[in-house]
Amino acid sequence: MSVLNANRRTCAAALFKSLSCHRNIATQHLHPCLRDLTSALAVNQPCFSLSSKDVRILHEPTHFYSRLLEIIRRARRRIFLSSLYIGPEERELVCQLHCSALQENPDLHVYLLLDYNRSTRPGPSSPVLALLPLLRNHENRVHVSLFCSPMLSRLATSVVPPRFKEGWGTWHAKVYGSDDEVIVSGANLNRSYFTNRKDRYLHFTSQPILADYCFSFLRLISSFSYQLALSDAASTEPVITWPNPSIDPWKIQPLVQHSLSNFQTRHLMSSAYPPATESSSSDVLLFPMIQGGQFNIREEERTVSLLFHHLAPQISSFVVPTPLMNLTSGYFGLYRPYQDLILKSSINCDILVASPQANGFYGSRGLSGLIPEGYTLLEQRFMRAVRAAGRDATSEGGSSSAVRLSEWVREGWTYHAKGIWFSPSQSSPPILTLFGSTNLNSRSANLDTELSFVMLTSSEALQKSLQAEVNGLWQCAVPWRGAERHVRWRTRTIVGMVGGML
């Protein structure tokens with residue numbers, strides 16, 4: 001019977017995807033080089049059509065934090081926050097949830113989805129302790145879920161030190177919403193991300209369908225997560241429980257894979273039949289992508305491959321201009337399939353990485369202090385591959401469509417931005433961007449659970465905002481100096497052992 005049901009589900013999914021091929025997603029307003037890509041994306045990914053007037057690109061950590069507090073104060077029905085963790089010092093944020101949201105709105109509920117291992121680090125500064133006042137005052141309206149990657153077995157969990165458990169995967173999606181608005185970012189809810197750690201932040205307003213999608217995704221993952229509670233109102237210690245005793249938390253992979261596949265299929269179908277007359281103000285298309293390598297959910301990989309396969313051939317159709325792809329990651333250990341796509345492509349590619357001093361682990365004690373040096377090693381390997389492919393922009397006789405690597409440097413700041421921007425020429429603004437939680441590295445592809453988006457737009461105003469975002473990041477760029485840096489043998493050894501975790 002289970003085999004029969006599985007076959008039925010497979011056939012249903014195939015039927016849904018077959019129907020989705022015929023979705024009437026308008027592409028006439030998009031740049032010609034995006035139209036085939038859009039049709040290809042629509043086969044497998046849900047799609048949201050919206051107006052550029054409802055999209056705001058924020059540029060500074062302080063702007064992100066103030067906007068986050070604003071959407072909390074505006075909330076009337078629900079607040080949903082997904083992050084790796086909430087910093088133990090974030091008293092103002094917790095106070096806003098308590099005072100401005102929950103006390104003022106008796107029907108409002110707060111939903112938090114965080115990573116289990118990162119949020120339960122032992123000690124008096126454990127992030128989870130900062131949430132206890134919310135549970136104490138609003139037990140029935142505050143829902144805290146802690147997702148634990150099943151990549152680490154039950155036996156290994158009892159042996160591996162607490163901080164190192166995060167190496168086997170984390171909950172990494174960064175989505176901050178209330179009612180019908182959403183901020184998608186790569187930033188966590190910690191003081192440095194609000195002050196001097198550079199990231200990306202896209203704010204979508206008046207988007208009930210997008211907000212419902214994000215909320216439903218988080219609630220689905222919460223059903224496979226530990227739940228945080230208090231034993232009684234006076235307790236100072238949290239109680240963490242697994243919601244379903246019939247499911248082993250170390251063996252949830254098949255269930256999560258099935259649930260996520262069904263989730264995307266349902267939303268694929270719900271966006272399959274847009275209104276016959278599409279509003280002229282709908283000049284943005286948004287495709288969400290879930291990446292959970294441990295669950296064999298690899299939508300980001302499929303999407304990045306489509307980007308290169310559909311955009312690169314456009315070059316052969318024109319003598320000029322050559323398209324430009326800007327790519328950045330604060331943790332640049334580029335996933336090997338993405339590296340291969342870049343090396344084989346004829347698109348100009350400008351890449352921005354964190355300098356060692358701008359790496360969030362710079363100056364850390366213990367083994368984590370070697371992480372910036374480990375990324376230098378990965379950058380050196382990447383540039384050797386670039387030169388071997390004849391794609392180095394700094395080499396004499398290099399390809400006219402080349403790869404240029406720069407590093408981000410700003411005194412007293414760290415760098416955490418990630419994403420892709422595509423421009424049809426060197427002198428034109430981006431018409432497409434990939435953004436969200438992914439670092440575009442092996443860890444994001446195989447270990448962490450990510451939610452990212454591809455946004456395409458015909459709006460000149462939004463394209464200019466995307467260009468301003470690129471300019472703001474690259475204004476702190478200097479030529480890559482990694483070739484001059486010495487990487488110690490012990491760092492090489494460790495990277496050889498755990499390179500896929502970086």
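Residues numbered from 1 in each chain as written. Predicted model: local features only at pLDDT ≥ 70, side-chain atom pairs only at ≥ 80, totals over all residues. Heavy atoms only, no water.

1. Some words on the nonpolar core
Threshold: The criterion is simple. A nonpolar core is a set of buried Ala, Val, Leu, Ile, Met, Phe, Trp, Tyr and Cys residues joined through side-chain atoms within 4.5 Å. For the exposure calls, accessible area comes from a 1.4 Å probe over protein chains only, and a residue counts as buried if that area is under 20% of its type's maximum, exposed if over 50%, partly exposed in between. Note on definitions: a residue-residue contact is assigned when non-hydrogen atoms from the two residues lie within 4.5 Å.
Counting 95 residues, the largest nonpolar core has Phe-204 and Met-455 as its most contacted members. Filtering out sequence-adjacent residues up to four positions away, Met-455 remains in contact with Val-55, Leu-202, Phe-204, Val-284, Leu-285, Leu-286, Ile-431, Leu-432, Thr-433, Phe-435, Leu-462 and Leu-466. Phe-332, Tyr-338, Leu-456 and Trp-480 belong to the second largest nonpolar core, which has 47 residues in total.

2. With respect to helix α11 (residues 299–311)
What counts here: Secondary structure follows DSSP: runs of H or I at least 4 residues long count as helices, runs of E at least 2 residues long count as strands, and numbering of each begins at the N terminus. Residue count minus one, scaled by 1.5 Å, sets the expected span of a helix.
Along its 13 residues, α11 runs 18 Å from first to last C-alpha, staying within 8% of the 18 Å computed at 1.5 Å per residue. Within α11 the residues assigned to the buried category are Glu-299, Glu-300, Glu-301, Thr-303, Val-304, Leu-306, Leu-307, Phe-308 and Leu-311.

3. Quick look at the pairing of strand β3 (residues 78–82)
Convention followed: Following DSSP output, two strands are said to pair if at least two bridges run between them. Handedness rule for crossovers: strands pointing away from the viewer, path from the first strand over the helix to the second running clockwise, crossover right-handed.
Along β3, 5 of the 5 residues are buried, which leaves the element largely enclosed by surrounding structure. Residues Arg-78, Phe-80 and Ser-82 line one face of β3 and the alternating positions Ile-79 and Leu-81 line the opposite face, and both faces are buried. Across 5 bridges, the pairing between β3 and strand β4 (residues 109–115) is parallel. When the bridges of β4 are listed, Ile-79 appears paired with Val-110. Taken together, β3, helix α4 (residues 91–102) and β4 form a β-α-β motif whose crossover is right-handed.

4. Notes on the sheet that holds strand β2 (residues 55–58)
Inclusion rule: Axis definition: a line fitted to C-alpha atoms, limited for helices to the stretch in contact. Angles are taken between N-to-C directions and run from 0 to 180 degrees.
Overall, mixed pairing links the 9 strands, which are arranged β2-β9-β7-β6-β3-β4-β5-β10-β11 in an open sheet. Each of the sheet's edge strands pairs with one partner strand only, and the pair in question is β2 and β11 (238–241). Direction aside, the axes of adjacent strands within the sheet are offset by 20 degrees on average. Pairing geometry for β2 and strand β9 (residues 201–204), over 4 bridges, is antiparallel. Residue pairing in the sheet places Val-55 in a bridge with Phe-204 of β9. Against the sheet, helix α3 (residues 61–74) contacts β2, β3, β6 (175–178), β7 (181–185) and β9, and its axis sits at roughly 150 degrees relative to β7.

5. Quick notes on the pattern of salt bridges
Operational definition: In the sections that follow, a salt bridge refers to a side-chain nitrogen of Lys or Arg positioned within 4 Å of a carboxyl oxygen of Asp or Glu.
One pass over the full model with this rule turns up 18 salt bridges. Arg-191 serves as the salt-bridge partner of Glu-90, at 2.6 Å between the closest nitrogen and oxygen. Here Glu-90 is found in the loop between β3 and α4, whereas its partner Arg-191 is found in helix α8 (residues 191–195), with 101 residues between them in sequence. Glu-90 sits in the buried class, given a relative accessible area of 1%. For the salt bridge of Lys-418 with Asp-199, the shortest nitrogen-to-oxygen distance reads 3.7 Å. A residue pair is termed long-range when its members are at least 10 positions apart, and Lys-418 in strand β18 (residues 418–423) and Asp-199 in the loop between β8 (197–198) and β9 qualify at 219 residues.

6. Observations concerning the side chain of His-267
Note on placement: His-267 falls in helix α10 (residues 253–270). Apart from the residues lying within four places of it in its own chain, the contact partners of His-267 are Pro-46 and Tyr-213.

7. Structural notes on the layout of surface pockets
What counts here: Put simply, the grid is 1 Å and covers the protein atoms alone, a cavity is a trapped set of points that fit a 1.4 Å probe, a pocket is an open set with protein on both sides within 12 Å along at least five of seven lines, and lining residues have an atom within 4 Å of a point. Grid points are joined across faces, edges and corners, and a volume is the space filled by probe spheres set on the points. Charged means Asp, Glu, Lys or Arg here, nonpolar means Ala, Val, Leu, Ile, Met, Phe, Trp, Tyr, Cys or Pro, and polar covers whatever is left, Gly included.
Its boundaries defined by the atoms lining it, the largest pocket holds a volume of some 1500 Å³. Lining the largest pocket we find 50 residues, and of these Arg-121, Arg-163, Phe-361, Ser-368 and Ile-371 sit closest to its centre. Secondary-structure elements contributing two or more residues to the lining of the largest pocket are α8, α13 (371–388) and α16 (489–498). The biggest single contributor to the lining of the largest pocket is α16, with 5 residues. When grouped by side-chain class, the residues that make up the lining of the largest pocket number 21 nonpolar, 20 polar and 9 charged.

8. Things to note about the packing of α3 against α4
When two helices pack together, their arrangement is given by the angle between the helix axes and by the axis-to-axis distance. For clarity, the threshold we go by: Note on angle classes: values under 35 degrees are labelled roughly parallel, values over 145 roughly antiparallel, values of 65 to 115 roughly perpendicular, and the remainder oblique. Take the far helix as your reference; a near helix turned counterclockwise from it by less than a right angle gives a left-handed crossing, and one turned clockwise gives a right-handed crossing.
Remark: α3 packs on α4, axes separated minimally by 9 Å, with the N-to-C direction vectors making an angle of 20 degrees. Between α3 and α4, the interaxial angle falls into the category roughly parallel. Classified by chirality, the crossing of α4 by α3 is right-handed. Each of Tyr-65, Leu-68, Leu-69, Ile-72 and Arg-73 in α3 lies in contact with α4, whose residues at this interface are Glu-92, Leu-93, Gln-96, Leu-97, Ser-100 and Ala-101. Grouping the amino acids of the contact of α3 with α4 by side-chain chemistry returns 7 nonpolar, 2 polar and 2 charged.

9. Some words on the packing of α11 against helix α12 (residues 336–344)
α12 packs onto α11 with a crossing angle of 0 degrees between their chain directions and a minimal axis gap of 10 Å. As the angle between them shows, α11 and α12 are arranged roughly parallel. Across the interface between the two elements, Glu-300, Glu-301, Val-304, Ser-305, Phe-308 and His-309 of α11 pack against Tyr-338, Leu-341 and Ile-342 of α12. Of the residues assigned to the contact of α11 with α12, the class counts are 5 nonpolar, 2 polar and 2 charged.

10. Notes on the side chain of Ser-355
In this structure, Ser-355 sits in the loop between β15 (348–354) and α13. Here Ser-355 falls in the buried class, since its relative accessible area comes to 1%. When near neighbours in sequence (up to four residues on either side) are disregarded, Ser-355 contacts Glu-407, Trp-408 and Val-409.

11. With respect to the environment of Tyr-226
Within the secondary structure, Tyr-226 is located in strand β10 (residues 226–230). The class for Tyr-226 is buried, based on a relative accessible area of 12%. Taking the C-alpha atoms as reference, Tyr-226 lies 28 Å from Gly-360; in sequence the two are 134 residues apart. Filtering out sequence-adjacent residues up to four positions away, Tyr-226 remains in contact with Tyr-116, Val-144, Ser-145, Leu-146, Cys-148, Ile-240, Thr-241, Trp-242, Pro-243, Pro-249 and Trp-250.

12. With respect to the packing of aromatic side chains
We apply this condition: The aromatic pairing rule takes the rings of Phe, Tyr and Trp, using the six-membered ring of Trp, and pairs them if the centres are within 6.5 Å, calling planes under 30 degrees apart stacked, those over 60 edge-to-face and the rest tilted. Here, over-ring charges are defined by two tests on the NZ atom of lysine or the CZ atom of arginine: distance to the ring centre within 6 Å, and angle to the ring normal within 35 degrees.
All told, the structure shown has 22 aromatic pairs when counted by the stated rule. Members of the aromatic cluster, each reached through a chain of ring pairs, are Phe-48, Phe-147, Trp-171, Tyr-213, Phe-217, Phe-263 and Phe-295. Between Arg-78 and the ring centre of Phe-215, over which it is positioned, the NZ or CZ distance is 4.9 Å.

So far we have only geometry, and geometry alone does not tell us how the molecule works.
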